[in-house]
Amino acid sequence: AQTVTQSQPEMSVQEAETVTLSCTYDTSESDYYLFWYKQPPSRQMILVIRQEAYKQQNATENRFSVNFQKAAKSFSLKISDSQLGDAAMYFCAYTNAGGTSYGKLTFGQGTILTVHP
Amino acid sequence: NAGVMQNPRHLVRRRGQEARLRCSPMKGHSHVYWYRQLPEEGLKFMVYLQKENIIDESGMPKERFSAEFPKEGPSILRIQQVVRGDSAAYFCASSHDSHPSYNEQFFGPGTRLTVL
């Protein structure tokens, strides 16, 4: 079974600074997808960024980028120019690419990000 | 285009009662996933349904829990004889397809179930 581990229960950053959230995962599959989701206090889950395992290039979405290290099974999220609205719980998630996974997501425990003005 | 709708947003039940949670997927989506989030934990997969079919219920407890997604109407997650350990936030997500290469799961706002 696949597992996703987020070893940082809480992180904090000053507004306009950069912060990196860590995620490691364990799988025997070679083709899979990784995600970062944001859950603000409203509890609505919002997709931040997605990475396909077969792509060597790290995904980027505006101020959000990932560092995907396939051999190390590491998938960290970097938030640049942090804004107050970035404050939320962040979840790393994994799904297999095919077979009987049906796209179901395995989530990490989450990291609470606080942004200080 | 309305997003994924879940109701009720908050549900309080006493031990032994039944809880019915509803999820209306986004328009055009025929794939529904249910996840449970216990306090201070990440979301855990429960069940995946397509219209009128349960495809994968590997994450759903064998007793007291059931799910359906009828041809017409919302998907329902039903919990019979609730216990305090069922207190959690239940999230529904829908997608146009099940393959993650061209699929994004859109999440509803969740239903917070409290069992007294």
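Structural data are supplied above this passage.
Residues numbered from 1 in each chain as written. Chains lettered and ligands numbered in written order. Predicted model: local features only at pLDDT ≥ 70, side-chain atom pairs only at ≥ 80, totals over all residues. Heavy atoms only, no water.

Draft legend 1. Examining the pairing of strand 4 (residues 31-37) of chain B more closely. Residues and elements named next belong to chain B. A large share of strand 4 lies buried, amounting to 7 of its 7 residues. In strand 4, alternate side chains face the same way, and those of His 31, Tyr 33, Tyr 35 and Gln 37 on one face and Val 32, Trp 34 and Arg 36 on the other are all buried. Bridge analysis of strand 4 against strand 5 (residues 43-50) gives 7 bridges, and the strand direction is antiparallel. The partner of Trp 34 across the bridge, within strand 5, is Val 47. Linkage of strand 4 to strand 5, two consecutive antiparallel strands, is achieved through a turn of 5 residues, within which Glu 40 is found at a positive phi near 65 degrees. As defined by bridge partners, strand 4 adjoins strand 9 (residues 88-95) across 7 bridges and the pair is classed as antiparallel. Residue pairing across strands places Arg 36 opposite Tyr 90, the latter belonging to strand 9. (Buried < 20%, exposed > 50% of the residue type's maximum accessible area, 1.4 Å probe, protein only. Helix = DSSP H or I, 4+ residues; strand = E, 2+ residues; numbered from the N terminus. Pairing = 2+ DSSP bridges.)

Draft legend 2. Region of interest: the packing of aromatic side chains. Scanning all chains against the criterion turns up 16 aromatic pairs over all chains. Relative to Tyr 37 of chain A, the ring of Phe 35 of chain A lies with its centre 6.1 Å away and its plane at 40 degrees, an arrangement referred to as tilted. According to the relative accessible area criterion, Phe 35 of chain A is buried, its value standing at 5%. For Tyr 37 of chain A, a relative accessible area of 1% corresponds to the buried category. Ring centres of Tyr 35 of chain B and Phe 107 of chain B lie 5.6 Å apart, and the angle between their planes is 40 degrees; on these two criteria the pair is classed as tilted. (Phe/Tyr/Trp six-rings, centres within 6.5 Å; stacked < 30°, edge-to-face > 60°.)

Draft legend 3. Quick look at the state of the cysteines. Scanning the entire structure with this criterion turns up 2 disulfides over all chains. The disulfide that involves Cys 23 of chain A links it to Cys 92 of chain A, with 2.0 Å between the sulfurs. Taking the sign of the S-S torsion, -70 degrees for the link of Cys 23 of chain A and Cys 92 of chain A, the bridge is left-handed. Of this pair, Cys 23 of chain A sits in the loop between strand 3 (19-21) and strand 4 (24-26) while Cys 92 of chain A sits in strand 10 (residues 88-96), and the two are 69 residues apart along the sequence. In this structure, Cys 23 of chain A and Cys 92 of chain A share a single accessibility class: buried. Note that Cys 23 of chain B is cross-linked by a disulfide to Cys 92 of chain B, the S-S spacing being 1.7 Å. (Disulfide = S-S within 2.5 Å.)

Draft legend 4. Main features of the pattern of salt bridges. Counting across every chain of the model gives 9 salt bridges over all chains. Of the charged contacts in the structure, one is a salt bridge between Glu 52 of chain A and Arg 50 of chain A, with a shortest N-O distance of 3.6 Å. When its relative accessible area of 11% is taken as the criterion, Glu 52 of chain A is described as buried. A salt bridge links Asp 86 of chain B to Arg 64 of chain B, with the shortest nitrogen-to-oxygen separation between them at 2.7 Å. Within this pair, whereas Asp 86 of chain B is found in the loop between strand 8 (75-79) and strand 9, its partner Arg 64 of chain B is found in the loop between strand 6 (53-56) and strand 7 (65-68), the two being separated by 22 residues in sequence. A single network of salt bridges, built from pairs that share partners, joins Arg 50, Glu 52 and Lys 55 of chain A. (Salt bridge = Lys/Arg side-chain N within 4 Å of Asp/Glu carboxyl O.)

Draft legend 5. Fine view of the nonpolar core. Of all hydrophobic cores here, the largest spans 25 residues; its most connected members are Tyr 25, Trp 36, Phe 75, Leu 77 and Tyr 90 of chain A. Elements with a minimum of two residues in this core: strand 3, strand 5 (32-39), strand 6 (46-52), strand 8 (64-69), strand 9 (74-79), strand 10 and strand 12 (111-116) of chain A. For this core, the element with the most residues is strand 10 of chain A, which contributes 4 residues. Ranked by size, the runner-up nonpolar core spans 23 residues in total, among them Leu 49, Phe 65, Ile 79 and Val 115 of chain B. (Core = buried A, V, L, I, M, F, W, Y, C linked by side-chain atoms within 4.5 Å.)

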